[in-house]
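Understanding the architecture of this molecule
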Amino acid sequence: MSNYRMLALDMDGTLLDSHKRVRPQTAQALQQLAQSGTAVALSTGRGLSELADYMPDLPFVRYGSLISGSLTMDFGRSQAMVTHPIPQHVVLGLLDVARQNDAMVQILTPQSSVTRQEDIDHMADVHMEIYQDMYDRTCTRTTDFHEFVLSHPNDALKVNLYHHTVEEREKTLQQLQAHPIDGVALTLARAETTSLECTLGGVSKASGLQEISRRLGFSMEQVVCVGDAANDEEALRASGCAVAMGNATPEVKRIADLVVSDNDHDGIVDVIQQLF
């Protein structure tokens, strides 16, 4: 019998196939795993509004490390366990950095995803066109980010900065590393093609899973984590077993204990069959 107590799943590129769907065979295997007593959790950069399309079909998912660890959820009780907001003045500083580097901004709060309509209309410019329909349906629009931040103090849990090129993202990353806003440390994670995810220092997908496992009374050594991209690496390293999808980056595959099929060929079923 497996000693693993929880299976933690990234969403995009892992639980979701390339068409942003949960494959039926994957859903069936996860349902059976949950019924056997293993906790199934999400480990994702998405927020609640971006999960709305999926949660009715994922009743077996009890917990979530959402918004890159800034929000941990107990879905069974429909309540937040922990939130980690970014200080308001730091968010305002990130808006200035985004303007300097011509980056699209998305702010994730406990309940919403906030951006500008003009940015949604041009998401292909920052290599995010596959998400355009979701953003169009789920985002709260603002015409003035500064006004939004000032009127919603302590609501921003993550700021995503989407760039036109990888080189522009690296410039922003280096700028924030060399010159932290008012000396406040941030966790900076590369995601998607040109995205930079900004959360409070010390907050990550790994820290969110650690909060969940601690609440459930077991260690991270008893967690299997599955991912595919750079923003999964810390969670993979912190878990008892790190699994890379077949479509994962070479860097993720190098740190993995196990590599399975890709997200279009039910790689998560492989995980369950081999480890649980």
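For the structure given in this document, a descriptive report is provided here. (Residues numbered from 1 in each chain as written. Predicted model: local features only at pLDDT ≥ 70, side-chain atom pairs only at ≥ 80, totals over all residues. Heavy atoms only, no water.)

**Overview of the sheet that holds strand S11 (residues 195–200)**
One open sheet accounts for 6 strands, arranged S8-S7-S6-S9-S11-S10; its pairing is mixed. Here the strands that pair on one side only, and so sit at the sheet edges, are strand S8 (140–141) and strand S10 (186–191). The pairing of strand S6 (residues 104–108) with strand S9 (residues 158–162) spans 5 bridges and is classified as antiparallel. Each residue of the ladder has a partner; that of Val105, found in S9, is Leu161. Lying on the sheet, helix H3 (residues 88–100) is in contact with S6, S9, S10 and S11; it crosses S9 at an angle near 5°. In this fold helix H7 (residues 166–178) packs onto S9, S10 and S11, with an angle of close to 170° to the strand it touches most, S10. (Pairing = 2+ DSSP bridges. Helix = DSSP H or I, 4+ residues; strand = E, 2+ residues; numbered from the N terminus. Contact = heavy atoms within 4.5 Å. Axes fitted to C-alpha atoms, helices over the stretch in contact; angles between N-to-C directions.)

**So, the sheet that holds strand S4 (residues 71–74)**
Read across the open sheet, the 8 strands follow the order S5-S4-S3-S2-S1-S12-S13-S14; overall the sheet is mixed. In this open sheet, the two strands that pair with only one neighbour each are strand S5 (79–83) and strand S14 (258–259). Examined bridge by bridge, strand S13 (residues 241–244) and S14 share 2 bridges and lie parallel to one another. Bridge pairing links Val243 to Leu258 in S14. Its contacts with the sheet place helix H8 (residues 205–216) against strand S1 (6–9), strand S2 (39–43), strand S3 (63–66), S4, S5 and strand S12 (223–227), and it is angled at close to 155° to S3.

**Section: unusual backbone geometry**
Backbone geometry places Ser68, a non-glycine residue, at a positive phi of 55°. With respect to the element layout, Ser68 can be found in the loop between S3 and S4. Judged by its relative accessible area of 5%, Ser68 is buried. The residue Asn154 is not glycine, and still its phi comes out positive at about 65°. Inspection of the secondary structure puts Asn154 in the loop between helix H6 (145–151) and S9. (Buried < 20%, exposed > 50% of the residue type's maximum accessible area, 1.4 Å probe, protein only.)

**Some points on the nonpolar core**
Residues Leu7, Leu30, Leu42 and Val243 are the most contacted members of the largest nonpolar core, which totals 36 residues. Broken down by secondary-structure element, the contributors of at least two residues to this core are S1, helix H1 (24–35), S2, S4, S12, S13 and helix H11 (267–275). With 5 residues, the top contributor of residues to this core is H11. Leaving out residues up to four positions away in the same chain, Val243 has contacts with Val224, Cys225, Val226, Gly227, Leu236, Ala256, Leu258, Val260, Val271 and Leu275. Within the second largest apolar cluster, 25 residues are counted, among which are Val91, Ala103, Val114 and Leu173. (Core = buried A, V, L, I, M, F, W, Y, C linked by side-chain atoms within 4.5 Å.)

**A look at H1**
With 12 residues, H1 should reach 16 Å at 1.5 Å per residue; the first-to-last C-alpha distance of 17 Å fits that figure. Within H1 the residues assigned to the buried category are Thr26, Ala27, Ala29, Leu30 and Leu33. Projected down its long axis, H1 shows its buried positions confined to an angular sector of 165°, all on one face. Exposed side of H1, more than 90 degrees from the buried face: Pro24 and Gln35 are the residues found there. Just past H1, the residue Gly37 takes up positive phi, approximately 110°. (Expected span 1.5 Å × (residues − 1). Arc of directions from axis to C-beta.)

**Some details on the pattern of salt bridges**
Applying the stated criterion to the full structure yields 19 salt bridges. Salt-bridge contacts for Asp17 lead to Arg21; the nearest nitrogen and oxygen are separated by 3.7 Å. The shortest N-O distance in the salt bridge between Glu118 and Arg116 comes to 3.6 Å. Accessibility expressed as a relative area gives 48% for Glu118, which makes it partly exposed. You can call Arg116 partly exposed: its relative accessible area is 27%. Each of Asp10, Lys205 and Asp232 takes part in salt bridges that share partners, so that together they form one network. (Salt bridge = Lys/Arg side-chain N within 4 Å of Asp/Glu carboxyl O.)

**Considerations on the packing of H3 against H7**
Packed helices, taken two at a time, are described by their axes: the angle between them and the distance between them. Contact geometry of H3 with H7 gives a least axis separation of 11 Å together with a crossing angle of 145°. The crossing of H3 and H7 is right-handed. Seen from H3, the contacting residues are Leu94, Val97 and Gln100; seen from H7, they are Thr172, Gln175 and Leu176. Looking at the contact of H3 with H7, its residues break down into 3 nonpolar, 3 polar and no charged. (Left-handed = near helix turned anticlockwise from the far one by under 90°. Nonpolar A, V, L, I, M, F, W, Y, C, P; charged D, E, K, R; others polar.)

**Re the environment of Asp257**
Secondary-structure assignment places Asp257 in the loop between helix H10 (250–255) and S14. Taking the C-alpha atoms as reference points, Asp257 and Leu51, separated by 206 residues in sequence, lie 28 Å from one another. Look past the residues within four positions of Asp257 in its chain and what remains in contact with it is Gly240, Cys241 and Ala242.

Limitation: the analysis is restricted to geometry and does not speak to function.
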